[in-house]
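Chain by chain, the residues run as shown.
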Amino acid sequence: MTVPIALNQTAVAKKLEISGVVQGVGFRPFLFGLADQYHLKGEVFNTSGGIRVIVEGPPEKIERFVDDIYHKSPLLASVTDIKSSDVPPGNFFSFKIENSEVANRRTTLISPDVAICSDCLAEMKDPGNRRHEYEFINCTNCGPRYTIIKDIPYDRSKTSMKSFKMCGKCQQEYDDPLNRRFHAQPNACPVCGPQVFLTDRRGNRINTDSQSAITLAAQYLRQGRIIGIKGLGGFHLACDAANLDAVKQLRQRKNRPHKPFALMAASASILFDHVHVSNREKQLLTSYQRPIVLLKRKYINGDNQKGSVLATDVAFFNKTLGVMLPYAPLHCLLLEKGPSILVMTSGNLSGEPLSIENEDALEAFSHIADYFLLHNRDICFRADDSIARIQAGETRFIRRSRGYAPLPVFINRKMPKILGCGAGFKNAVCLTRGHHAFLSQHIGDLDNMKTHAFYRDSIDHLKNIFDIQPDIIAHDMHHGYMSTDYAKAQNTVKKVAVQHHHAHAAACMAENGLDEEVIAITLDGTGYGTDGHIWGGEILLCTQKAFKRKAHLSYIKMPGGDAAVLEPWRMAASVLFQVFGKDFLQMEIPYIKAMEKEKLSFICGMMEKNLNSPLTSSVGRLFDAVSSLLCVRHTISYESQAAMELEAMADERPVRECYAFDLVSGKKDGGRDQVFEINLMPCIRQITAELQQGRHVAGISAKFHYTLAQAFAVAALKVSLQTHIQKIILSGGVFHNDIILNTMILALEEHNLKVYTHTQVPTGDGGICLGQAVVAAALEGS
Amino acid sequence: MTEEKILLDHGSGGKLSHSMFSDMILPLFENSELSKQDDGAILDVEGARLAFSTDSYVVDPIFFPGGNIGDLAVNGTVNDISMCGAVPKFISVGLIIEEGLPVKQLKIILETIAAAAKKAGVKIVTGDTKVVPRGKADKIFINTSGIGVIPAHVNVSGSNAQPGDKIIVSGTLADHGIAVLSSREGLKFDSDIKTDSAPLNKMVQSLIRSGCDVHVLRDPTRGGLGTTLNEIASQSRVGIRIDEMSLPVTGPVRGACELLGFDPLYIANEGKLIAFVPEKDVDKALEIIRQDVFGKVAVIIGDVTSEDPGKVFLQTSIGGVRPIDMLTGEQLPRIC
Ligand SMILES: [Fe+3]
Ligand SMILES: [Mg+2]
Ligand SMILES: [Zn+2]
Ligand SMILES: [Zn+2]
């Protein structure tokens, strides 16, 4: 056979600018391998915008090379764009990996932190490996990223690994393009890398080496002690989840009476005794992001039929348990040597951000932890564990943080440089540029000096690493949020105030690539409305740019303002007073028996006189009212507790029973400007009657959930018929509620409406920052 | 555009009042005395230093547990002069009376004014009376102005707070505001809550005579302690930290605030002062204040720092540190 002389044998050269998550994920070795495979010459290097490659060779091989970049890129990489251009060939004799080019533009995407990969896990377990049981093992496919980065480009000198000089062996791996650790910035080994150590609660070092520090910590955990553990993005407080005394003690010392504790389990399979794990859930659990996944419990509060038992106190009155699998090598070792399920609650004081420094943690938790498992690698930037859940067939975020931040959400529209300041609670912020919206990690409730500082630091840090100086700042309309104050204090730029629920809706629209007029059902806790009242049960007709309120829950009073949020019994009094007047004080229902009469009549007095009794259309508050009315929860110790416990209480059998509700059409300034009021007071009246007849709370709760979803679905349908719009957006914190989400989707789809929900950012206030930016961009574009 | 109108909130003593003062009033009247923004003006008159202050009283209802609009008007001006470090001497009383006010009520008010002046040791040396048609005023409004003399060495001002100063409050918080609110709205509490309206000039004089180096004196009236501390923090460009556990509030007032959903930090007081004193003098100052009949439960509530100038922080009972803002109108719910 003769070798045909190809006519296109002449080599050409192409320059490729690859953008996306392409740094610190083994991309250059991957390209090196590809070039080797196709016998191509050229060079590759990191730029601040991503990766630049020049390849030289036959055109069809270059084509396959480019094809493979799209289809065979490394696990953690994500290529968003390849710009190709012709350059003169003939400059190369081989394919080389060159040093990073430092440029001014910073457009590369920064990788989040990544859970330990299977290769590293195998090495860590191999007694013959030089990293046997080394708790900082990592490679280009895994390990810390975002939390150790001080600046970009992502090079070791700009991370907290700077203070650890690689030993000869590590350096060799780092320099070898075909090694898994080629340019793995946090590369380390027991000889040259960070070390763990154990201290008592006062910070006195307990004399051990790294390995026995973990063994000893594991032993203390088995003995029921509480340990403060420095992890990847911050501290955890850990104890044995099967040890009731330990869990009780942790609750008491942390002053956290009810809020469920997150768990960390050695493997997915040991969870099977306790929770249901579907395939999708297992995928999410074992994904490299390793979020806390909310899983349905097999038993609630101890009535387990099986042998193994978790302490009842890990989570009360809750249908789910929040569980994650170990993501740092340290966690793997700890769970292997210690109890196989640990409580791993975030290491922060109530209301404060996660501790990240040894000294801070020792100061903050000396009264909580018996011992501290610390290490000497700094956490540059804190990242709380993410919390996610599979609902209605999709992954939903309750908190989008470690493992996901700071990866962008992709936006159809080309965005100006905007800072979305977020809301006041469960805050996250967002910076946009081009088609990217970079959401920060979870920042928290802006009600505390340290959280304020974290908020400002996060904005500065993100501005720096993404090189985005916003031209527009978008913020909530509420005057009482620190984030609003922050926005107002920034003098030089344009500011846009965005209504809270418009922001909720816009975030969901952007996620789903919708930029036309839609109907948005926003069910929520608290959001400042354009009429000065507190909204939270709205149907909006909206575009990204503007909205019209088409329907809302009839206003109810919040006697005591914020106190009514913390004390749902006030909301129960409010709805009862609205339905029955003061007569309700004489009613024969458990709620009345549980309350002090004088307090109730005082509250009635406040409402009569409109004394600190703001009006709200919040569905969250209606949930609170019903929760207390059914004597499920009268005062709360964590956010949404009353509503979550009401949901957990609901009968699981499918419901078709519906309480009465009214749709009252309000202002009629002609066709499109009609505003419906959704009045659920008839439902409250019927619930009260059923309570008097002694109906069980489980049935009432289920029926109430169904009624609420129906009422809003029916109202949305009316708006749809009026406007001929069939696309429905669901957003707001109430959609964390599984029953509401599922019932609502069903009810809307029954009428052939197309439903869009959140799958990339939280449906709660953690997603607000995105919506604010989207609204501001739409206004700017007009 | 809708026409901007004056809102009730412009008179609340909170954020809007302050912006009205600095945006509308100060630029027009600008002078060195007014710019200081203390409770009263400090005037150099031929070698003597005088404190001069004025205030109008429009309280509803005019009679409330523990007092009425009369002693409130006298004590208010006596206190404003005292907070300049001055000894109040003379006051004026201007009455605007609504047609139809029962003479009996006016008589009681006038008697109360006389008694209050006597108790405070000030002379009422001039005054004015107007009667307006029904509906043009609400029963009775009173304006009082006063003059006091500042002793030679005294230099007290809201802009004098220094890092390291300790902050003393002379008694329990929020009594007046809750007393007036409960009588206006007909709210019933377990036990009676009375106004704390009282003249503080004797307390201030003892404090100043003692030689304590007093930097700041203020009476936390409208807007409450939270607002007053914010004013001082920004006037002196210092940070202020107070400790929630140390804040003195009586059980009934605390209970009332809890039920109403109000923060005692933002409720008015009419017989309390806060004093900023360097640490070296604080024990002595506290002792002197406690010897006064209106200062028996005085306590140290916090201190001044050089960090976070202009800001006030509360160390909460659960261990966090919460920023305390100036009062901003109606406190709308924020928590979700
Ligand atoms: Fe919200
Ligand atoms: Mg005054
Ligand atoms: Zn690895
Ligand atoms: Zn090494």
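Residues numbered from 1 in each chain as written. Chains lettered and ligands numbered in written order. Predicted model: local features only at pLDDT ≥ 70, side-chain atom pairs only at ≥ 80, totals over all residues. Heavy atoms only, no water.

Caption draft 1: Expanded view of the packing of helix α17 (residues 619-629) of chain A against helix α19 (residues 681-692) of chain A. All names here are of chain A. At their nearest, the axes of α17 and α19 sit 11 Å apart, and the two run at 10° to each other. Here α17 is positioned roughly parallel relative to α19, judged by the angle of their axes. Crossing of α17 over α19 shows right-handed handedness. Of the residues in α19, those touching α17 at L622, V626 and L629 are M681, I684, I687, T688 and L691. Tallied by class, residues from the contact of α17 with α19 come to 7 nonpolar, 1 polar and no charged. (Axes fitted to C-alpha atoms, helices over the stretch in contact; angles between N-to-C directions. Helix = DSSP H or I, 4+ residues; strand = E, 2+ residues; numbered from the N terminus. Parallel < 35°, antiparallel > 145°, perpendicular 65-115°, else oblique. Left-handed = near helix turned anticlockwise from the far one by under 90°. Contact = heavy atoms within 4.5 Å. Nonpolar A, V, L, I, M, F, W, Y, C, P; charged D, E, K, R; others polar.)

Caption draft 2: Highlighting the coordination of the iron ion (ligand 1). At this site the iron ion (ligand 1) is bound by H500(A) (NE2), H504(A) (NE2), D524(A) (OD), D524(A) (OD) and D765(A) (OD), with donor distances of 1.9 to 2.6 Å. D765(A) gets classed as buried once you look at its relative accessible area, which sits at 2%. (Donors = N, O, S within 2.8 Å, 3.2 Å for Na, K, Ca; no water. Buried < 20%, exposed > 50% of the residue type's maximum accessible area, 1.4 Å probe, protein only.)

Caption draft 3: Broad picture of the pairing of strand β14 (residues 321-324) of chain B. Residues and elements named next belong to chain B. Here strand β13 (residues 312-315) pairs with β14 via 4 bridges, running antiparallel. Residue V312 lies in a different strand from β14, and its bridge partner there is I324. Count of turn residues in the β13/β14 antiparallel hairpin: 5 residues, of which G319 carries a positive phi of about 105°. (Pairing = 2+ DSSP bridges.)

Caption draft 4: The arrangement of the coordination of the zinc ion (ligand 4) in detail. All names here are of chain A. Within the first shell, the zinc ion (ligand 4) binds the protein through C167 (SG), C170 (SG), C189 (SG) and C192 (SG), at distances of 2.3 Å. Note that the zinc ion (ligand 4) binds 4 donor atoms; their angles at the metal cover 106 to 117°, and the shape is tetrahedral. Taken in chain order, the donor set of the zinc ion (ligand 4) reads C-x2-C-x18-C-x2-C. Of this pair, C167 sits in the loop between α3 (118-125) and α4 (168-175) while C192 sits in the loop between α4 and β6 (196-200); the two residues are 25 residues apart in sequence, bridging distant segments of the chain. The residues C167 and C192 share a single accessibility class, namely buried. (Tetrahedral: all angles 85-135°; square planar, octahedral: opposite > 155°, others 65-115°.)

Caption draft 5: Geometry of the UniProt feature "domain: PurM-like C-terminal" (unreviewed entry) in chain B. Mapped onto this numbering, the UniProt entry gives "domain: PurM-like C-terminal" (unreviewed entry) at residues 162-313 of chain B. Taken end to end, residues 162-313 of chain B comprises 37% helix and 16% strand; its first and last C-alpha atoms sit 16 Å apart. (UniProt positions renumbered as here; feature names shortened; annotations may be inferred.)

Caption draft 6: Just the sheet that holds strand β19 (residues 472-476) of chain A, in detail. Residue and element names in this part refer to chain A. Strand order in the open sheet formed by 4 strands is β18-β17-β19-β20, with mixed pairing between adjacent strands. Strands with a single pairing partner mark the edges of an open sheet, and in this sheet they are β18 (430-439) and β20 (494-498). On average, each strand axis in the sheet is tilted by 60° relative to the strand beside it, whichever way the strands run. Note: β19 against β20, 5 bridges, orientation parallel.

Caption draft 7: Representation of the domain arrangement of chain B within the structure. Residues and elements named next belong to chain B. Taken domain by domain, chain B holds domain 1 (8-149) and domain 2 (166-323). A C-alpha centroid distance of 21 Å is found between domain 1 and domain 2. On the side of domain 2, 29 residues touch domain 1, which itself brings 31 residues to the contact. With both chains or domains summed, domain 1 and domain 2 bury close to 2300 Å², and 54% of this area falls on carbon and sulfur atoms. (Domains from an automatic or database assignment. Buried area = accessible area lost by both parts, 1.4 Å probe.)

Caption draft 8: Spotlight on the UniProt feature "domain: Acylphosphatase-like" (unreviewed entry) in chain A. Under the local residue numbering, the UniProt record ascribes the feature "domain: Acylphosphatase-like" (unreviewed entry) to residues 13-99 of chain A. Taken end to end, residues 13-99 of chain A comprises 28% helix and 43% strand; its first and last C-alpha atoms sit 20 Å apart.

Caption draft 9: Expanded view of a nonpolar patch on the surface. There is a patch of nonpolar side chains on the surface, built from F52(B), F90(B), V125(B) and I147(B) and spanning about 340 Å² of accessible area. In this structure I147(B) comes out as partly exposed when scored by relative accessible area, which is 34%. (Patch = residues over 30% accessible without salt bridge, like charges linked within 9 Å, V, L, I, M, F, W, Y side chains within 5 Å. Areas by Shrake-Rupley, 256 points an atom, 1.4 Å probe, with all protein chains shown as cover. Salt bridge = Lys/Arg side-chain N within 4 Å of Asp/Glu carboxyl O.)

Caption draft 10: Focus on the domain arrangement of chain A. Residues and elements named next belong to chain A. In terms of domain boundaries, chain A breaks down into domain 1 (2-97), domain 2 (113-194), domain 3 (196-373), domain 4 (388-510 + 768-777) and domain 5 (525-545 + 549-756). One C-alpha centre belongs to domain 2, the other to domain 3, and the line joining them spans 25 Å. Each partner contributes to the interface: domain 2 provides 15 residues, whereas domain 3 provides 15 residues. Roughly 1300 Å² is buried in total at the junction of domain 2 and domain 3, and carbon and sulfur atoms are behind 63% of that figure.

Caption draft 11: Local environment of the pattern of salt bridges. Residues and elements named next belong to chain A. Applying the stated criterion across every chain, the model contains 50 salt bridges over all chains. Across the pair D86 and K14 runs a salt bridge whose closest N-O atoms are separated by 2.6 Å. You can see D86 sitting in strand β4 (residues 78-87) and its partner K14 sitting in strand β1 (residues 12-21), a full 72 residues away along the chain. Exposure remark for D86: the relative accessible area of 61% places this residue in the exposed category. Here K14 falls in the partly exposed class, since its relative accessible area comes to 24%. The partner of R621 in a salt bridge is D624, and the shortest N-O contact between them spans 2.9 Å. In this pair, R621 and D624 are both assigned in helix α17, 3 residues apart and thus about one turn of the helix distant. The buried category is assigned to D624, whose relative accessible area is 4%. Sharing partners across several salt bridges, the network here consists of D119, E123, R180 and R181.

Caption draft 12: Main features of the side chain of N358(A). Residue and element names in this part refer to chain A. Its location among the elements puts N358 in helix α9 (residues 358-365). Note on N358: relative accessible area 12%, which makes it buried. A polar contact of 3.3 Å, which involves the side chain of N358, links it to the backbone oxygen of H375. Look past the residues within four positions of N358 in its chain and what remains in contact with it is F197, K230, F235, L374 and H375. (Polar contact = N/O pair within 3.5 Å; in protein donor to acceptor, adjacent residues only side chain to side chain.)

Caption draft 13: Looking closely at the packing of aromatic side chains. All names here are of chain A. Within this structure, the stated rule accounts for 13 aromatic pairs over all chains. Here the aromatic rings of F32 and F95 are separated by 6.3 Å at their centres, their planes lie at 70°, and the arrangement is edge-to-face. Of this pair, F32 sits in helix α1 (residues 27-37) while F95 is found in strand β5 (residues 95-97), placing the two residues 63 residues apart along the sequence. Both rings, one in Y220 and one in Y371, keep their centres 3.9 Å apart while their planes meet at 0°; by these two values the pair is stacked. Residue Y220 is located in helix α5 (residues 210-222), and its partner Y371 is located in strand β14 (residues 371-375); the two are separated by 151 residues in the primary sequence. Among the aromatic side chains, those forming a connected cluster through ring pairs are Y146, F381 and F454. Looking at R205, its charged tip hangs above the ring of F197, at a distance of 4.0 Å from the centre. (Phe/Tyr/Trp six-rings, centres within 6.5 Å; stacked < 30°, edge-to-face > 60°. Lys NZ or Arg CZ within 6 Å of the ring centre and 35° of its normal.)

Caption draft 14: How the structure looks around the interface of chain A and chain B. Facing the 38 residues of chain A at the interface are 29 residues of chain B. Summed over both sides, the interface between chain A and chain B buries roughly 2800 Å², with carbon and sulfur atoms accounting for 61% of that surface. Three residues, M449(A), F602(A) and L611(A), lead the burial of chain A against chain B; their summed loss comes to 24% of the area buried on that side. Across the pair D447(A) and R334(B) runs a salt bridge whose closest N-O atoms are separated by 3.0 Å. In this structure, the connection of chain A to chain B is made through 12 residue pairs in polar contact (both at pLDDT 80 or more). Elements supplying a minimum of two residues to the side of chain A that touches chain B: α10 (449-466), β21 (518-528), α13 (562-566), α14 (568-580) and α16 (597-608) of chain A. Of the residues assigned to the side of chain A that touches chain B, the class counts are 15 nonpolar, 12 polar and 11 charged.

Caption draft 15: Examining the nonpolar core more closely. Residue and element names in this part refer to chain A. In terms of nonpolar packing, the biggest core is built from 118 residues, with I521, F584, Y591 and F704 touching the most fellow members. When residues in this core are grouped by element, the largest group, 12 residues, is from helix α20 (residues 697-723). For F704, the contacting residues outside a window of four places in its chain are L622, F623, V626, L646, Y659, L680, C683 and I687. (Core = buried A, V, L, I, M, F, W, Y, C linked by side-chain atoms within 4.5 Å.)

Caption draft 16: Up close: the packing of α17(A) against helix α18 (residues 641-649) of chain A. All names here are of chain A. It is at 8 Å that the axes of α17 and α18 come closest, and there the two elements cross at 60°. By the criterion of interaxial angle, the relationship of α17 to α18 is oblique. Seen from above, α17 lies across α18 with left-handed handedness. Here F623, D624, V626 and S627 of α17 lie close against α18, whose contacting residues are A642, A643 and L646. For the contact of α17 with α18, the residue count by class is 5 nonpolar, 1 polar and 1 charged.

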